[in-house]
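Examining the three-dimensional arrangement
If you want the building blocks of each chain, they are given just below.
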Amino acid sequence: LPQARGEELCNLVGTWRILQRAGSHRWTTDDLVTAWVASVTHQQQNEGGNKNEVLNYLDLGTGNGSVLQMVTWALLKDGYRHTKAIGVEARSE
């Protein structure tokens, strides 16, 4: 993946990679913990649910989208094939 000046290609989760700006919002262990809590909470509250239904979710204040991507990856891994995730970020950078 081509990188511009000031960008770094970093590991995110599984085989996913993410380009991050040096000195800007970057994924951290906080992102990992937030995604883990969301994934585990969803699994606990939807145990035995229909995985063929469309699952929609919204990530407000998504930053660089790392939590959104990690939760989507966990849902796909758990068998949810019809997932629609939307991330909204208000910052201009």
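A short tour of the structure in this document, coming up.

Definitions and limits used
Residues numbered from 1 in each chain as written. Predicted model: local features only at pLDDT ≥ 70, side-chain atom pairs only at ≥ 80, totals over all residues. Heavy atoms only, no water. Helix = DSSP H or I, 4+ residues; strand = E, 2+ residues; numbered from the N terminus. Buried < 20%, exposed > 50% of the residue type's maximum accessible area, 1.4 Å probe, protein only. Contact = heavy atoms within 4.5 Å. Areas by Shrake-Rupley, 256 points an atom, 1.4 Å probe, with all protein chains shown as cover. Lys, Arg positive; Asp, Glu negative; His and termini not counted. Charge placed at Lys NZ, Arg CZ, Asp CG, Glu CD. 1 Å grid on protein atoms, 1.4 Å probe; cavity = no way out; pocket = protein on both sides within 12 Å on 5 of 7 lines; lining within 4 Å. Points joined across faces, edges and corners; volume = space filled by probe spheres on them.

**A word on the overall build of the protein chain**
Of regular secondary structure, the protein chain possesses two helices and four strands. Along the chain direction, N to C, the helices and strands of the protein chain fall in the order β-β-α-β-α-β. C-alpha extents for the protein chain along the principal axes are approximately 45 × 25 × 20 Å. The burial tally for the protein chain puts 25% of its 93 residues in the buried class. Looking at the protein chain alone, contacts between residues at least 24 apart form 59% of all its contacts between residues at least 6 apart. When the accessible area of the protein chain is evaluated, it comes to approximately 6500 Å², of which 52% is carbon and sulfur surface. Each charge class in the protein chain was averaged separately, 9 positive and 10 negative side chains, and the resulting centres sit 7 Å apart.

**What about the layout of surface pockets?**
The volume enclosed by the largest pocket comes to roughly 180 Å³. Together, Val13, Leu32, Ala35, Trp36, Ser39, Val40, Gln43, Met70, Trp73, Ala74, Lys77 and Asp78 line the largest pocket. Listed by contribution, the elements that provide at least two residues to the lining of the largest pocket are α1 (29-45) and α2 (66-77). When residues of the lining of the largest pocket are assigned to their parent elements, the largest contribution, six residues, is made by α1.

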